[in-house]
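# An overview of the molecular structure
Each chain, written out:
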Amino acid sequence: MGIFNSKLQQKCSLKKDIISITIIAMAIILYNYIWDIITSAKIYSFGASVFDLGVFYQSLWITLHDPLMVFISNLKNTPINFLLSPLSLDDNMFFFVHLQTLWLSLTAIPLYFISIKKLNSRFLGILISLSFLAFFGLAGINWFDVHRQSLFIPLFISGYALLIYNKNRGAIILLVLSGLVRFPYIIFPLIFGLSYIIENFYYKNFNFKSNKVYYYIFFISLIFFIIGIVHIGSAGSVISEAHGNTNYFNNFKSSLDNKIFTVFLFLAPFFMLPALSKRWLLLMLPFFFLSFFSGYPDYAFPNGQFYQYYSAIIPFLYLGFIDVLSNLKFNDDHLIKENIFRIKKYVSAKYKIVIAMFIIIILLALFYEPYGVFNNDTQANFDLKGTLNYNITEYNDLNRVVALIPKNDPYILYQNSIPEVDFRDPVAQSSYTSYFPDNHTFYINNQWTKNISYIIIDPDPWFWFTCGGNNNSIYSTFNHYILSGNYKIKAEYNNVVLLQKNYTGSPVIYKPDNYINTYASPIIIKNNTGNTFLANYASLQPGNYTLKLTVSTNNISEHNYINLNITYLYEFNHKGWIKPTLFNITSQKIGIKNRFKNITFNLKVPIEMAGVNLYINQYNGTNYFEIRSVRVTQNNYLN
């Protein structure tokens, strides 16, 4: 009978676990469905970047195809590349962003098993797991491309789950692997193992056999930590690996309100309980140190909400919360066995805390998740609507141009907004995507060279972030090469322009620029009104243009005229390029008073003109002009 009851209990327990896992699995599927839409839209809307998506793929590809070349650098900084490199056999950008979403979401499963082990409640385990999927801290990790740091979360939490279920070998592997995603993340399993060793010594538990798992975790982590220290030169430079600097006092004073808010934003949903766990508080300290003292704003709200750096604290918030909750005691705890109502009161307190935590995280998601209904009204505005409003035709056009670049040619200059180049040609030189040497000499393929084969730009929308307004931007570099006479346009389509050295012939792909601005009410230009804005264009690609203005005036005197002025961003003194002069629009050209007439001008643009603005300058006249529309039409490409 005892054996029968035991088997019956196991069967009931298994059934309950299946129901719980099914609920969590449905939530994981929904999470992946929503985030796959968002991450796909990021790519379609040109929101993905070379750093990190392109570099992530490129590093895996090189590790797989030339492991000796990057063996030392991987060993010192990102050893996990050795395991991840086979993923580069798939060169689909969407595969990688969706894979990251998947491995983040699967963390909910080990969280569930940790919860039922520690809290002895499947219901609480479900709530904690579901809250993880809605936790605002994961938003930026999913939002910003793909990065190894995101793997730290599932690896560490899964490793801890195996540890508390006495699956020591698997625990050692996963916990150490979590620290190998990127240096200096190895400090987390290092501190974790050390904390148990210190605890055992404190309680005078010197039995090595029963505690050897912690020694393995600590000493293996220590080896990789030392290797990483050799990589960066000295222990004092660890903070530089985290993008910070050592000007601690000034860093602390900068944006202090944001840093304080960050602490409360992370801990408040958990009722500050993680801060009461000595072990997990110790592991949270590196992140909070970086937040306050590194000087790097992405470790604090709101900047951090868009990037991957919250990976360094999320596991410890949940594990600390579960740890403290499992040890939570009340003043009447000694009466538990005497009164069944006391048992219910004791248990219900934990339920209330977890339910409240779950509700708070759901409420915070309304504000700090991209899909949150109030997200647009916060400092952490993801502008999801703008991201979802993409033009897939434009994305396909970009890929048509990128496809013209041959594979295995590393001599390519491109910008941070075109990771498609890396996926097309993984040997492309990614060091020069934002800033370029003034002397146009590049360190590519292990040598200094001026031998550049291709230059590709896409002005919309990340173009501005990679211009920088400097002579060493991709913008200025592109114009340098096109004005040199040795590079011709191989493709010019939807503002994507590809130059090839010594290319002859017509562009393989070509689509002219055409813009028209028609005003609901004509723009009235009176005497002495100063500059009057007419239109703005992201860029004008190289070519010959016709400017057509539909204009009227009530005064056809020969002294009555206005001027069309053209300005553009970063007006460098490029060799062979003279900025267009003012185009004079006189009453005599209009001819008839109070009747609209088309006035046309020819404009030659031998460079990429970014951020073009059209203005009217009023110089002379007694009455007024009216402008009903402005049309800019590219007549042909420039070769």
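In case you missed it, the structure is sitting above this.
Residues numbered from 1 in each chain as written. Predicted model: local features only at pLDDT ≥ 70, side-chain atom pairs only at ≥ 80, totals over all residues. Heavy atoms only, no water.

### Some remarks on the nonpolar core
Phe192 and Ile456 are the most contacted members of the largest nonpolar core, which totals 139 residues. If you tally residues by element for this core, the top one is helix α9 (residues 149-164), at 10 residues. If sequence neighbours within four positions are ignored, Ile456 has contacts with Val401, Val402, Ile405, Leu413, Tyr414, Gln415, Ile418, Val421, Val496, Val497 and Leu498. Counting 33 residues, the second largest nonpolar core, distinct from the first, contains Tyr519, Ala535, Leu549 and Ile607. (Core = buried A, V, L, I, M, F, W, Y, C linked by side-chain atoms within 4.5 Å. Buried < 20%, exposed > 50% of the residue type's maximum accessible area, 1.4 Å probe, protein only. Helix = DSSP H or I, 4+ residues; strand = E, 2+ residues; numbered from the N terminus. Contact = heavy atoms within 4.5 Å.)

### Some points on the pairing of strand β10 (residues 543-553)
For a regular strand, side-chain orientation follows a simple rule: the groups alternate between the two sheet faces. Burial within β10 is extensive, with nine of its 11 residues counted as buried. Bridge count between β10 and strand β13 (residues 597-605): nine bridges; the pairing is antiparallel. Looking across to β13, one finds that Val551 is bridged to Lys597. Judged from the 11 bridges that link them, β10 and strand β15 (residues 624-637) form a sheet pairing that is antiparallel. Paired with Asn544 across the two strands is Asn636, which belongs to β15. (Pairing = 2+ DSSP bridges.)

### Re the packing of helix α6 (residues 108-119) against helix α17 (residues 314-326)
Any two packed helices are characterised by how steeply their axes cross, that is the angle between the axes, and by the distance between the axes. Put simply, α6 and α17 touch, their axes get as near as 9 Å, and they point 15° apart. It follows that α6 is roughly parallel to α17 by the angle criterion. Judged by the sense of rotation from one axis to the other, the crossing of α6 with α17 is right-handed. Contact with α6, carried on its side by Leu111, Ile114, Ser115, Lys118 and Leu119, involves Tyr318, Leu319, Ile322, Leu325 and Ser326 of α17 and no other residues of that element. (Axes fitted to C-alpha atoms, helices over the stretch in contact; angles between N-to-C directions. Parallel < 35°, antiparallel > 145°, perpendicular 65-115°, else oblique. Left-handed = near helix turned anticlockwise from the far one by under 90°.)

### Quick look at the environment of Lys350
On the secondary structure map, Lys350 appears in helix α18 (residues 340-368). Under the relative-accessibility criterion, Lys350 is labelled buried at 11%. Separated by 21 residues in sequence, Lys350 and Lys329 place their C-alpha atoms 10.0 Å apart. With near-sequence residues (within four places) excluded, Lys350 lies in contact with Leu124, Leu325, Ser326 and Leu328.

### A look at the environment of Tyr568
Mapping Tyr568 onto the fold places it in the loop between β11 (561-567) and β12 (583-586). The spacing of Tyr568 and Glu608 is 40 residues in sequence and 9.8 Å in space, taken between C-alpha atoms.

### A few points about α9
Compared with the 22 Å implied by 1.5 Å per residue over 16 residues, the 24 Å span of α9 between its first and last C-alpha is a close match. By the criterion of burial, α9 is predominantly enclosed, with 15 of the 16 residues buried. Count one or two residues on from α9 and you reach Asn166, which has phi positive near 60°. (Expected span 1.5 Å × (residues − 1).)

### So, the side chain of Thr532
As for its placement among the helices and strands, Thr532 is situated in strand β9 (residues 531-540). In this structure, Thr532 is in contact with Ile523, Ile525, Leu614, Tyr615 and Ile616, ignoring residues within four places of it in sequence.

### Points about the packing of helix α5 (residues 93-105) against α9
Here α5 crosses α9 at 30°, and the two axes come no closer than 8 Å. Comparing their axes, α9 and α5 come out roughly parallel. Of the two possible hands of crossing, α5 and α9 adopt the one that is left-handed. On α9, the residues touching Gln100, Trp103 and Leu104 of α5 are Ser150, Leu151, Ile153 and Pro154. Among the residues forming the contact of α5 with α9, the class breakdown is five nonpolar, two polar and no charged. (Nonpolar A, V, L, I, M, F, W, Y, C, P; charged D, E, K, R; others polar.)

### Brief notes about the sheet that holds β13
Spatial strand order, β8-β15-β10-β13: four strands in an open sheet with antiparallel pairing. Two strands close off the open sheet at either side, each with one partner strand: β8 (514-526) and β13. On average, adjacent strands in this sheet sit at an angle of 20° to one another, irrespective of strand direction.

### Let's talk about the side chain of Asp397
Looking at the element boundaries, Asp397 is found in helix α20 (residues 392-402). Apart from the residues within four sequence positions on either side, Asp397 is in contact with Tyr493 and Asn494.

### Here we look at the pattern of salt bridges
Taken as a whole, this structure holds one salt bridge when the rule is applied. With a closest N to O distance of 2.3 Å, Glu199 and Arg279 form a salt bridge. Of the two residues, Glu199 is situated in helix α11 (residues 187-202) and Arg279 in helix α16 (residues 278-293); the sequence distance between them amounts to 80 residues. (Salt bridge = Lys/Arg side-chain N within 4 Å of Asp/Glu carboxyl O.)

### A closer look at the sheet that holds strand β4 (residues 454-457)
On the basis of which strands lie adjacent, the open sheet formed by five strands has the order β1-β4-β6-β5-β7 and mixed pairing. Looking at the sheet topology across the chains shown, the edges are occupied by β1 (412-413) and β7 (509-510). Two elements, strand β5 (residues 487-493) and strand β6 (residues 496-501), share six bridges in a ladder whose sense is antiparallel. The partner of Tyr493 across the bridge, within β6, is Val496. Its contacts with the sheet place α20 against β4, β5, β6 and β7, and it is angled at close to 155° to β5. Running at roughly 130° to β4, helix α23 (residues 474-484) makes contact with β1, β4, β5 and β6 of the sheet.

### Points about α16
When the terminal C-alpha atoms of α16 are compared, their 22 Å separation across 16 residues agrees well with the 22 Å that a helix rising 1.5 Å per residue should span. Listing the buried residues of α16 in full gives Arg279, Trp280, Leu283, Met284, Pro286, Phe287, Phe288, Leu290, Ser291 and Phe292. Here the buried face of α16 lies against α9, α11, α13 (238-241), α14 (248-253), α15 (256-267) and α17. Of the residues one or two after α16, Gly295 is the one with positive phi, at around 80°.

### Examining unusual backbone geometry
The amide bond that connects Phe183 to the next residue, Pro184, takes the cis arrangement and shows omega of 10°. Note on placement: Pro184 falls in the loop between α10 (168-179) and α11. A cis amide bond, omega 5°, links Phe301 with the succeeding residue Pro302. Among the secondary structure elements, Pro302 is positioned in the loop between α16 and α17. One non-glycine residue with positive phi stands out, namely Phe271, at about 55°. Counting through the fold element by element, Phe271 comes out in the loop between α15 and α16. Among the residues examined, Phe271 registers a relative accessible area of 39% and is labelled partly exposed.

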